[in-house]
Amino acid sequence: MARAHPTTLLAVLIIAAIIYALVFYLPKPASDTDEKERDVDKSKTSHAQAVLHQHPKMPFGNLSTSPIINVMLCSDSNTLPGLIAAINSIRVNSKAHVRFYLVVDQDSVNHVKNWIEGSELNSIDYMLTAFNESWVKGKIPNQGAARKDLLTPLNFAKYYFPWIFPKVTGRIVFIDSDAVVQGDVEELSRISMRTGDAAAFSDDCSTVSNRVGLHQHNYASYINFESEKIKKLGFNPMKCSFNTGIFVANISLWKERRITEKLDYWLSINNKENIFGTQKGGGSSGPPMMIVFYEKYSQLPPEWNVRHLGVTSGTKYSDEFVHSAKLLHWNGRYKPWGRISQHTMVWEKFYIHDPTGQYKIARKYGNI
C-alpha cells in the first residue's frame, strides 16, 4: 500500500481546518426577529455611559452576592439640592453598605459628580448616569395637570430602573429627591413584603397622610373612570390611592411581571385617550403606577413616608412628630430648598453646600 506524502497530509489538514471554520465560526445571517431584538437592546442602552465611583473599602464585585443596600434617586437641575440632602441623610443614618444609583439629566452629570467628590460625600459608593429622555418623549401628560413642575422626564425615570441598571438584583429602594431619611435605610430595604408582590408603597388613607391632604385620596382623584380601558379593568374608583415617591421593589419580580413595559404602555396611550391627568389630583408619574399595581402591592410602615410636608407652607406636624419620623417627604409645591417651606431646619442639617458655588439656598437669615 502506497504511503501518503507528508505534504499531502498537511494540505488535507489545512483544508479540513478551513471548512470547519467556515461552518462553525462565521456569523449566521441575522433574521428580522434578531434585528428587532437588537434595536430594542439599543434603545435600552443608548443612555449616557454611567460614571462609576468605586467605594474605597468595598469593590463593586458581584452585585448579586454582595451584602449591599440598593438605593435609587432621580433629579434634574431644579432639584439637585434635594438630591444631595437625601444622599447625605442616608449616609449619616445608615450603618449598612449602601450603593446609590443616581439618575440625572445630561447637563447635571458633571455637576453632581463634582458636588459629591468635592464634599464629605466623596466616600460613598455610587453609580451616576444621565437619563435617556427619548424613552418618555411625547408621552408625558400635556394637559390638565395641576403642577407643571412634575411633568419633567426625570419624574418618570423611576419606571425604567431595570433598563438603566440592568445588573442590579435583589431589592432596590426608590426615594424622591424631596425627602430625607432619619432612620437606617437598611430597615426600609428589608421590610416584610407579601409573597408575590413586586413592590411596597404607602397608602394615602392613613390618619397621618389624610389629615393634611387637600383632596380625597382615592383612585377617582387621579384616573379618568370614563375611559373605556379603565372601565374594562373593573377598578373601584373609591379605592385608596398610594404615594409613589417612596417605594421598595423586588427587582426579579418587577422584571418577571414586565412592570416597566406596562408603565410605559399606560404613559404612552394617555395623551391620546385621556386616561389620567385632568382629574383634581393632577397627573404625573403616579397614576400609571396606581393602575399597574392596583391591589398588588405591600404596605410600607407609615413612619417610612411621613409626607405632605410640601403641601402647605405652614406647619402641620409637631416638631416632636417630625423628629420621630424615619423618612420625611416634602411632596407638594413647597420644597425645603425654596424660600417658603415648613420644617426646613430638619432638612438643612443634611444639606451640603455646593462646592462649585452654582447653588445658593435662599433663607430669611441669609443664603446657605
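Computed from a predicted structure; not experimentally measured.

Next up on the list: the overall build of the protein. Looking only at helices and strands, one finds 13 helices and 10 strands in the protein. The burial tally for the protein puts 52% of its 368 residues in the buried class. Sequence-distant contacts, at least 24 apart, represent 76% of the contacts inside the protein between residues at least 6 apart. Accessible surface, the protein as shown: approximately 18300 Å² in total, 53% of it carbon and sulfur.

Attention now goes to the packing of aromatic side chains. By the definition in use, this model includes 26 aromatic pairs. Residues W115 and Y351 carry aromatic rings whose centres are separated by 6.2 Å and whose planes lie at 85° to one another, so their mutual orientation is edge-to-face. Taken together, the positions of W115 in helix α4 (residues 109-117) and Y351 in the segment after α13 (344-348) put the pair 236 residues apart, joining distant regions of the chain. Given a relative accessible area of 8%, Y351 falls into the buried group.

The next point concerns the pattern of salt bridges. Using the criterion set out here, one finds 11 salt bridges in the structure. Between D204 and R307 there is a salt bridge, and its shortest N-O distance comes to 3.0 Å. Of the two residues, D204 sits in the loop between β7 (199-203) and α7 (207-210) while R307 sits in the loop between β9 (298-299) and α12 (319-324), which places them 103 residues apart along the sequence. For D204, a relative accessible area of 4% translates into the label buried. In this structure, the salt-bridge partner of E228 is K231, at a minimum N-O distance of 3.5 Å. Here the residue E228 and the residue K231 both occupy positions in helix α8 (residues 228-233), the gap between them amounting to 3 residues, near one helical turn. Of the residues examined, K231 reaches a relative accessible area of 43% and is grouped as partly exposed.

On to the confidence of the model for the protein, then. A low pLDDT score tells you not to read the predicted coordinates there in detail. With 76% of its residues at a pLDDT of 70 or more, the protein has an overall mean of 83. Confidence drops under a pLDDT of 50 for residues 20-43, and excluding neighbours within four residues, the segment shows 6 contacts in the predicted structure. Within the model, pLDDT remains below 50 along residues 45-49, and this stretch shows 12 contacts once partners closer than five positions in the same chain are excluded.

Time to look at unusual backbone geometry. The phi torsion at R258 lies on the positive side, around 55°, for a residue other than glycine. Relative to the elements of secondary structure, R258 occurs in the loop between α9 (251-256) and α10 (259-273). One non-glycine residue, N274, lies in positive phi territory at about 55°. With respect to the helices and strands, the residue N274 is situated in the loop between α10 and α11 (286-292). For N274, a relative accessible area of 26% translates into the label partly exposed.

Looking now at the environment of T244. Looking at the element boundaries, T244 is found in strand β8 (residues 242-250). Excluding residues that lie within four positions of it along the chain, T244 makes contacts with K158, F174, F201, S285, G286 and M289.

Turning our eyes to something else, we now look at the pairing of strand β5 (residues 171-175). The element β5 is extensively covered by neighbouring structure, given that 4 of its 5 residues are classed as buried. Bridge count for strand β2 (residues 69-75) against β5 is 3 bridges, and the pairing is parallel. Pairing of V71 across the sheet is with V173, part of β5. Direction of pairing for β5 relative to β8: antiparallel, over a ladder of 5 bridges. Bridging across to β8, I175 finds its partner in I246.

Tracing the backbone through its elements, the reader meets T260 in helix α10. Within the local environment of T260, its side chain forms a polar contact with the side chain of W254, the two groups lying 2.9 Å apart. In contact with T260, not counting residues within four places along its chain, are Y159, Y160, P162, W163 and W254.

A few words now on the environment of P81. Here P81 shows up in helix α3 (residues 80-93). Each C-alpha atom of the pair P81 and V112 lies 9.8 Å from the other, and the pair is 31 residues apart in sequence.

Ranked by internal contacts, the top residues of the largest apolar core, which has 52 residues, are V71, L73, F100, L102, I175 and L328. In terms of residues, this core owes the most to one element, α3, which gives 7 residues. Once residues lying within four places of it in the same chain are set aside, the contact partners of I175 are V71, M72, L73, I90, V181, V185, G245, I246 and L327. Counting residues in each nonpolar core, the second largest holds 51 residues, with V136, Y160, F242 and M289 among its members.

This part takes up the pairing of strand β3 (residues 98-104). Most of β3 is tucked away: 7 of the 7 residues are buried. Side chains of β3 alternate between two faces, with V98, F100, L102 and V104 and R99, Y101 and V103 buried alike. Bridging between β2 and β3 involves 7 bridges; their strand directions are parallel. Note that in β3 the partner of N70 across the bridge is R99. Pairing analysis gives 6 bridges linking β3 to strand β4 (residues 125-130), with the strands arranged parallel. Bridge pairing links R99 to D125 in β4. Each parallel crossover has a hand, and the one from β3 via α4 to β4 is right-handed.

The rules behind the values
Residues numbered from 1 in each chain as written. Predicted model: local features only at pLDDT ≥ 70, side-chain atom pairs only at ≥ 80, totals over all residues. Heavy atoms only, no water. Helix = DSSP H or I, 4+ residues; strand = E, 2+ residues; numbered from the N terminus. Buried < 20%, exposed > 50% of the residue type's maximum accessible area, 1.4 Å probe, protein only. Contact = heavy atoms within 4.5 Å. Areas by Shrake-Rupley, 256 points an atom, 1.4 Å probe, with all protein chains shown as cover. Phe/Tyr/Trp six-rings, centres within 6.5 Å; stacked < 30°, edge-to-face > 60°. Salt bridge = Lys/Arg side-chain N within 4 Å of Asp/Glu carboxyl O. pLDDT = per-residue confidence, 0-100. Pairing = 2+ DSSP bridges. Polar contact = N/O pair within 3.5 Å; in protein donor to acceptor, adjacent residues only side chain to side chain. Core = buried A, V, L, I, M, F, W, Y, C linked by side-chain atoms within 4.5 Å. Right-handed = clockwise from strand over helix to strand, strands pointing away.

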